[in-house]
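Descriptive structure summary
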Amino acid sequence: MSQKQIKNDDCSRRKEEAEVKLIQAKIAESRSKRIRNYCGAVGILVVAGIRLYLGV
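Figured I'd write up the structure that's included with this text.

Time to look at the overall build of the protein chain. Looking only at helices and strands, the protein chain has one helix and zero strands in total. Taken against the 2.2 N^0.38 rule, which gives 10 Å for 56 residues, the C-alpha radius of gyration of the protein chain at 24 Å runs more than 25% over that of a compact globule. Taking the principal axes of its C-alpha atoms as reference, the protein chain extends roughly 80 × 10 × 5 Å. Summed over its atoms, the accessible surface of the protein chain is roughly 5600 Å², and 62% of this surface lies on carbon and sulfur atoms.

Okay, structure coming up:
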């Protein structure tokens, strides 16, 4: 292989690795948002339940 082919292969490999990392970051972000939304909903339900129980 020529130097140019080796350089292009290395460049495309780096680009693929960067794309994979970007996708992984997006998945992790959406997962954390989902967990946060779930925790927020549970918190609201708990507060509503306590208010009903105390009759406030």
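With that settled, consider helix α1 (residues 3-54). Taking 1.5 Å of rise per residue, the 52 residues of α1 would be expected to cover 76 Å, and the 76 Å separating its terminal C-alpha atoms lies within 8% of that figure. With its phi angle positive at about 75 degrees, Gly-55 sits one or two positions after the end of α1.

Here we take up the pattern of salt bridges. Across all of its chains, the model carries four salt bridges by this definition. By sharing partners, the salt bridges in this structure join Asp-10, Arg-13, Arg-14 and Glu-17 into a single network.

The next thing to look at is a nonpolar patch on the surface. Nonpolar side chains collect at one region of the surface, where Tyr-38, Val-42, Val-46, Ile-50, Tyr-53, Leu-54 and Val-56 lie side by side and expose about 830 Å² of accessible area between them. Mapped onto the secondary structure, Val-42 falls in helix α1. Judged by its relative accessible area of 34%, Val-42 falls in the partly exposed class.

Considering the arrangement of structural elements, one finds Ala-48 in helix α1. Taking the C-alpha atoms as reference points, Ala-48 and Asn-8, 40 residues apart in sequence, are found 60 Å from one another.

Rules behind the numbers
Residues numbered from 1 in each chain as written. Predicted model: local features only at pLDDT ≥ 70, side-chain atom pairs only at ≥ 80, totals over all residues. Heavy atoms only, no water. Helix = DSSP H or I, 4+ residues; strand = E, 2+ residues; numbered from the N terminus. Rg over C-alpha atoms; globule rule 2.2 N^0.38 Å. Areas by Shrake-Rupley, 256 points an atom, 1.4 Å probe, with all protein chains shown as cover. Expected span 1.5 Å × (residues − 1). Salt bridge = Lys/Arg side-chain N within 4 Å of Asp/Glu carboxyl O. Patch = residues over 30% accessible without salt bridge, like charges linked within 9 Å, V, L, I, M, F, W, Y side chains within 5 Å. Buried < 20%, exposed > 50% of the residue type's maximum accessible area, 1.4 Å probe, protein only.

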